[in-house]
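Residue strings, one per chain:
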Amino acid sequence: MSAKQKSESAARVVPADGLDALIRALARAGYTTIGPRVEDGAVTYRPVGSAADLPLDMVDEQGGGTYRLRASKGAGYFAHVVGPHSWKRYLYPPRQLMWRASRARSGFAVEAPEPAADKLAFIGVRACELRAMEIQDRVFDNGQFTDPGYRARRAAALVVAVNCGRAGDTCFCVSAGGGPRVEDGYDILLTEFPGKDHTFLVQAGSARGARVVKALRGGRDAGEADLRAAQRRTDAAAKAMGRELAGDAPQVLRENLEHPHWQRVAERCLNCANCTMVCPTCFCSTVEDVTALDGSHAERWRTWDSCFTTDFSYIHGGAIRRGGAARYRQWITHKLASWHEQFGTSGCTGCGRCITWCPVGIDITEEVRALAARGGRK
Amino acid sequence: MPATAATAATALPADPMVPVPYRITRVARELSDTFTVDLVPARGKAPFRFAPGQFNMLYVYGVGEVPISISGDPADGARVRHTIRAVGTVTDALRRLKKGAMVGLRGPFGTPWPLDLTEGCDVLIIGGGVGLAPLRPAIYEVLNNRDRYGKVCLFYGARTPDDILFRGELEKWRGRFDMFVDVTVDRATGRWAGPVGVVTQLIRRGGFDAYHACALVCGPEVMMRFAVPTLNEIGVANDRIFVSMERNMKCAVGFCGHCQFGGAFVCKDGPVFRYDTISKLFNVREL
């Protein structure tokens, strides 16, 4: 953060009920507040009306193919890490109308909806998720083409980030370069200090964030000691991280396109596409043309797609990637290697969702290691 | 103005995701499964500019959308010409459309054949099957500016004599004194008296200067896989070979991810690639 930004930004330490005040202040400012909620046994991102909607004192236990929530007294509002949802579902919705056509005299007329951007406030955005947004920013503004809908939604969204005080069991953001400390890209940043004296350090990172933070009542201005305490929280989370993505992953993947290990992954992979659906950066989509039975109207919808389906690579005569080995190779090679060529960054933030939500617990970090270790690399 | 056609063509459509209505002004049957349609904008008369090798997304109302190479003359801004083989739902529906029908068009998209780079060179045009369609605008452009190029050779392979695309034009080009044209078939039928076998066999017969030649290759991937080593053998280096790739496409603007070929999006980084930039990936199966 630059000195100028620091001087105009507000930093306050507020008691825990300041979180509720913050959410309500955002709602009053016209934002639809979206945040973590417990839904069907998992933390998902849904509209929240107050702090009472948040998963207070809930901790998630995650592993390859497992996710469980359990109560943990005094853990705080943000003791859980990431669940199956990511913010991409709001910035890049799973289903979007591209255009409508209606039959007209001797033909048809096409009409595209104006990109609508509701004012959304995202509450509880992790460092890895901010990183994911920055990655998708590059995807949807690729130098030649820009997705106007994405751009409008992204510009309208207000980000209330939160520093992670705890590492999830499948997290590896430190080695992937995604966190756990939020550095920039936020409007408001929260660091939670749970326990008997439950407080939040609230920092503003933009003018619109500062307006909200300055209006918060109670608490006190933050000092150096508070910032150091926040640093200790994220340092502890970083230290507790159990998994690591190999730094030479791009080379390992590029040099092992014909490795026998792909077949061994394919024997475990169910091609269910879960990893691509939960991934906060996966962006592939397909289009669905829907036509009214009487032919009077037609619509094109863009929906999330996955490189794990055989249809994905279909050209006349059949699919290019017929086998599961080729499809898994496509996914992981794209994510960790080709992404660099395409967007100048890795496609992985180290959030660990693909490991947790893989029904058979395939671990992206382990697969890279296996490819490197099996002697395929020269 | 053929000279400006290639450069002006890179201007992008207003909203590249929304089809613009075009009307079919002519339908011509080429082969049993292949046909050519001419399109003009349903409203307005803005000339359509494209560069040889580029493609459009064609939408059939209520059916769907497919990527189709432009097969017409880039100097002809009045109509957009596509030559299409009916191989699926949308292309079958396109085949059933008659003169006067409306289609949606998005484009042009993709990288062109590098006809400015090949100036001064001998130009080898190597096509297989319907792969001749995306090469035809390059042939027009080269012939429109014939004095800018060295020898011009067209090598074309089809499955049978009945599958030879643009047969009339091939005969006309073959009659020119400034162009070498040779055609082969996989399987001879009827009164075919020409060469039989793969198109790579023809390449050695053009009498061109391999060290100052550029090759434009478009056809089934397997045909391109054989054409490249043959070109290398006679002395055409990988950085003087250009191939047109085909992959599944939904958006044509690099958002949908379907057309990825290694780190490239075939829709915007291709379809025309300089071969040395993809040589490492070209022979990897199921990529």
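Residues numbered from 1 in each chain as written. Chains lettered and ligands numbered in written order. Predicted model: local features only at pLDDT ≥ 70, side-chain atom pairs only at ≥ 80, totals over all residues. Heavy atoms only, no water.

## Digging into the confidence of the model for chain A
So, step 1. Averaged over every residue, the pLDDT of chain A is 93; residues scoring 70 or more account for 96%.
So, step 2. Counting interchain partners and residues more than four positions distant, the pLDDT-below-50 stretch residues 1–8 of chain A has seven contacts. (pLDDT = per-residue confidence, 0-100. Contact = heavy atoms within 4.5 Å.)

## What about the pairing of strand β3 (residues 55–60) of chain B?
All names here are of chain B.
So, step 1. Burial within β3 is extensive, with six of its six residues counted as buried.
So, step 2. On β3, burial covers both faces: F55, M57 and Y59 on one face and N56, L58 and V60 on the other are all buried.
So, step 3. Bridge count between β3 and strand β4 (residues 64–69): six bridges; the pairing is antiparallel. By the bridge assignment for β4, Y59 is matched with E65.
So, step 4. Here β3 folds back onto β4 in antiparallel fashion, the turn holding three residues, of which G62 has a positive phi close to 75°.
So, step 5. In terms of strand pairing, β3 meets strand β6 (residues 102–109) through four bridges, oriented antiparallel. Paired with Y59 across the bridge in β6 is G104. (Buried < 20%, exposed > 50% of the residue type's maximum accessible area, 1.4 Å probe, protein only. Helix = DSSP H or I, 4+ residues; strand = E, 2+ residues; numbered from the N terminus. Pairing = 2+ DSSP bridges.)

## Side note on the interface of chain A and chain B
So, step 1. Across the contact, 51 residues belong to chain A and 43 residues belong to chain B.
So, step 2. Summed over both partners, the interface of chain A with chain B comes to about 3900 Å²; 57% of that surface belongs to carbon and sulfur atoms.
So, step 3. The three residues of chain A that bury the most area against chain B are F108(A), F145(A) and H316(A), which together make up 18% of that side's buried surface.
So, step 4. Counting every contact that joins chain A to chain B gives one salt bridge.
So, step 5. The partner of R300(A) in a salt bridge is E65(B), with the nearest N and O atoms 2.8 Å apart.
So, step 6. Put simply, chain A and chain B have 23 residue pairs in polar contact (both at pLDDT 80 or more) between them.
So, step 7. Elements represented by at least two residues in the side of chain A that touches chain B include exactly β6 (95–104), β7 (107–111), β13 (285–291), β14 (297–304), β15 (314–315) and α12 (324–343) of chain A.
So, step 8. Classifying every residue of the side of chain A that touches chain B by side-chain character gives 20 nonpolar, 19 polar and twelve charged. (Buried area = accessible area lost by both parts, 1.4 Å probe. Salt bridge = Lys/Arg side-chain N within 4 Å of Asp/Glu carboxyl O. Polar contact = N/O pair within 3.5 Å; in protein donor to acceptor, adjacent residues only side chain to side chain. Nonpolar A, V, L, I, M, F, W, Y, C, P; charged D, E, K, R; others polar.)

## Side note on the packing of helix α3 (residues 132–144) of chain B against helix α4 (residues 167–174) of chain B
Residue and element names in this part refer to chain B.
So, step 1. In the contact formed by α3 and α4, the axes pass within 13 Å of each other and the chain directions differ by 35°. Considering the relative orientation of α3 and α4, their crossing is left-handed. Every residue of α4 that contacts α3 at L132, R136, I139, Y140 and L143 is listed here: E169, L170 and W173.
So, step 2. Of the residues in the contact of α3 with α4, the class split is six nonpolar, no polar and two charged. (Axes fitted to C-alpha atoms, helices over the stretch in contact; angles between N-to-C directions. Left-handed = near helix turned anticlockwise from the far one by under 90°.)

## Some points on the pairing of strand β8 (residues 152–158) of chain B
Residue and element names in this part refer to chain B.
So, step 1. Counted residue by residue, β8 has seven buried out of seven residues, so it is predominantly covered.
So, step 2. Both faces of β8 are covered, namely the face carrying V152, L154, Y156 and A158 and the face carrying C153, F155 and G157.
So, step 3. Both strand β7 (residues 122–128) and β8 contribute to a ladder of six bridges, which runs parallel. Considered in β8, the bridge of L124 is made with C153.
So, step 4. Taking the sense of rotation as the criterion, the β-α-β connection linking β7, α3 and β8 turns out right-handed. (Right-handed = clockwise from strand over helix to strand, strands pointing away.)

## Examining the sheet that holds β7(B)
All names here are of chain B.
So, step 1. What the six strands build is an open sheet, ordered β9-β8-β7-β10-β11-β14; its pairing is mixed. Each of the sheet's edge strands pairs with one partner strand only, and the pair in question is β9 (180–185) and β14 (272–274). Ignoring strand direction, the axes of neighbouring strands in this sheet form an average angle of 15°.
So, step 2. Two strands pair when backbone bridges link them, and strand β10 (residues 213–218) and strand β11 (residues 241–244) are joined in this way by three bridges, in the parallel orientation. Following the sheet pairing, A215 is matched in β11 by I241.
So, step 3. Sitting on the sheet, α3 touches β7, β8 and β10, and the angle it makes with β7 is about 155°.

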